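Coordinates in review
Each chain is listed here by its residues.
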Amino acid sequence: MTKQNCGETDACRLSKARHIMTSSAKVETVVKLGALVGEGPVWEESEQTLLFVDIAGQKIHRWSPATNQIQSVETSDMVGFVVPRRSGGYVAGVGRSFMAVDWSTQAMTHLLEVDEDKPNNRFNDAKVDPTGRLLAGTMGREVRPAELERQQGSLFSLDSDLRVTKHLSQVDISNGMDWSLDQRTFFYIDSLSLTVDAFDYDTTTGHLDNRRVVYRMAEEEGLPDGMTIDLEGRLWVACYNAGRVINIDPATGVRLHTVSLPAMKTTSCCFGGPDYSDLYVTSASLGLDQSERGRQVEAGNIFKVTGLGVKGRASCFFSG
Ligand code: BGC
Ligand code: CA
């Protein structure tokens, strides 16, 4: 099955079917927070809440669709990510530090620091693998969104015994990640490469190998940012500066579907809701000029996409 032959292939037939299936997709604004950089959404099944961060706003938020209430905790520096922890609370990436977060007391405990030799770096996106290992990446300081000294970032993992391993260096903006359904492939985005990449993944050691490109962004698709996988093994990638989430098949490199959102700086997405059939999409407002702000009143809000005809899977807890 090749990309070139689209028209005859399974991928193309599926793509057509998907377009029919998703013609019923509906987008609504669910969190009107106008975040500076809304990011890193994680659905919390036990609470039926959406956890996310405002990186530049230095806040962790938790939103309940049932009550429409938002609870927030402030952080002492930019917060790149937050993930639930099996032993309770969360782990957040604040500045260059892994921090333990006790939600009930709002207490944050410093666990470990990375990139000690790069004081201007900060954590960006992260995700917990199906075995409970946390992968988290860093990036250099931006002068403007997506403008920064190149190759300052790295990709790390944090094991249950709080051991840190560096897997990649010379990363520009460490961003979206997820794992294939059989856990043997790790999908990864370094935004400025304008590609979605894949690695062979060893779940026992966390070792990454055999990097390859599975999708190259079209010019109008902007920068690849956060992403999630669905139960058919296809990726949903938020396109920063392009106001959309694209659905791609990593096996064929074919884009199956595009969902348009009412904010250009779409940053990340995750599946959630009672049966994981809703796609939540975060966005940013930082970096928009006055006139763009006027035209994008939804910038920084969170959107819910329903009627996609696919489901996602539960997020994993950090095992440490
Ligand atoms: C980062 C932003 C960056 C954007 C675009 C986000 O994940 O947090 O700082 O501007 O990606 O690549
Ligand atoms: Ca991101």
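Since the structure is predicted, the reported quantities are computational estimates derived from the model, not experimental observations. (Residues numbered from 1 in each chain as written. Chains lettered and ligands numbered in written order. Predicted model: local features only at pLDDT ≥ 70, side-chain atom pairs only at ≥ 80, totals over all residues. Heavy atoms only, no water.)

**With respect to the overall build of the protein chain**
When helices and strands are tallied, the protein chain shows 2 helices and 26 strands. Along the first, second and third principal axes, the C-alpha atoms of the protein chain reach 55 × 45 × 40 Å. Per-residue burial for the protein chain yields a buried fraction of 55% across its 320 residues. Contacts in the protein chain between residues far apart in sequence, at least 24 positions, make up 48% of those at least 6 positions apart. When the accessible area of the protein chain is evaluated, it comes to approximately 13500 Å², of which 46% is carbon and sulfur surface. Taken together, the 33 basic and 42 acidic charged side chains of the protein chain have centroids lying 3 Å from each other. (Helix = DSSP H or I, 4+ residues; strand = E, 2+ residues; numbered from the N terminus. Buried < 20%, exposed > 50% of the residue type's maximum accessible area, 1.4 Å probe, protein only. Contact = heavy atoms within 4.5 Å. Areas by Shrake-Rupley, 256 points an atom, 1.4 Å probe, with all protein chains shown as cover. Lys, Arg positive; Asp, Glu negative; His and termini not counted. Charge placed at Lys NZ, Arg CZ, Asp CG, Glu CD.)

**Some remarks on the confidence of the model for the protein chain**
Looking at the protein chain, the pLDDT average stands at 93 and 93% of residues meet or exceed 70. Within the model, the stretch residues 1-21 combines pLDDT values under 50 with 30 contacts to residues more than four positions away or in other chains. (pLDDT = per-residue confidence, 0-100.)

**Focus: the coordination of the calcium ion (ligand 2)**
Donor atoms from the polypeptide that bind the calcium ion (ligand 2) are E39 (OE), E39 (OE), N175 (OD1) and D225 (OD), placed at 2.2 to 2.9 Å. Written as a sequence motif, the donor arrangement for the calcium ion (ligand 2) is E-x135-N-x49-D. Here N175 lies in strand β16 (residues 174-179) and E39 lies in strand β2 (residues 38-44), a separation of 136 residues in the sequence. We classify E39 as buried; its relative accessible area is 4%. N175 sits in the buried class, given a relative accessible area of 3%. (Donors = N, O, S within 2.8 Å, 3.2 Å for Na, K, Ca; no water.)

**Some details on the site of ligand 1**
Looking at ligand 1, there are 14 residues lining it, with E39, R122, N124, E142 and N175 nearest. E39 has a polar side-chain atom sitting 3.0 Å from an oxygen atom of ligand 1. Interatomic distance of 2.6 Å between a side-chain N/O atom of N124 and an oxygen atom of ligand 1. Coverage of ligand 1 by the protein amounts to 98% of the 310 Å² it exposes when considered alone. Of all the elements in the fold, those that place two or more residues in the shell around ligand 1 are β10 (122-128) and β20 (223-229). (Near = heavy atom within 4 Å. Polar contact = N/O pair within 3.5 Å; in protein donor to acceptor, adjacent residues only side chain to side chain.)

**What to know about the state of the cysteines**
If you walk through the whole model with that rule in mind, you get 0 disulfides. Of all cysteine sulfurs, the one in C270 lies closest to C269, which takes part in no disulfide; the gap is 7.5 Å. (Disulfide = S-S within 2.5 Å.)

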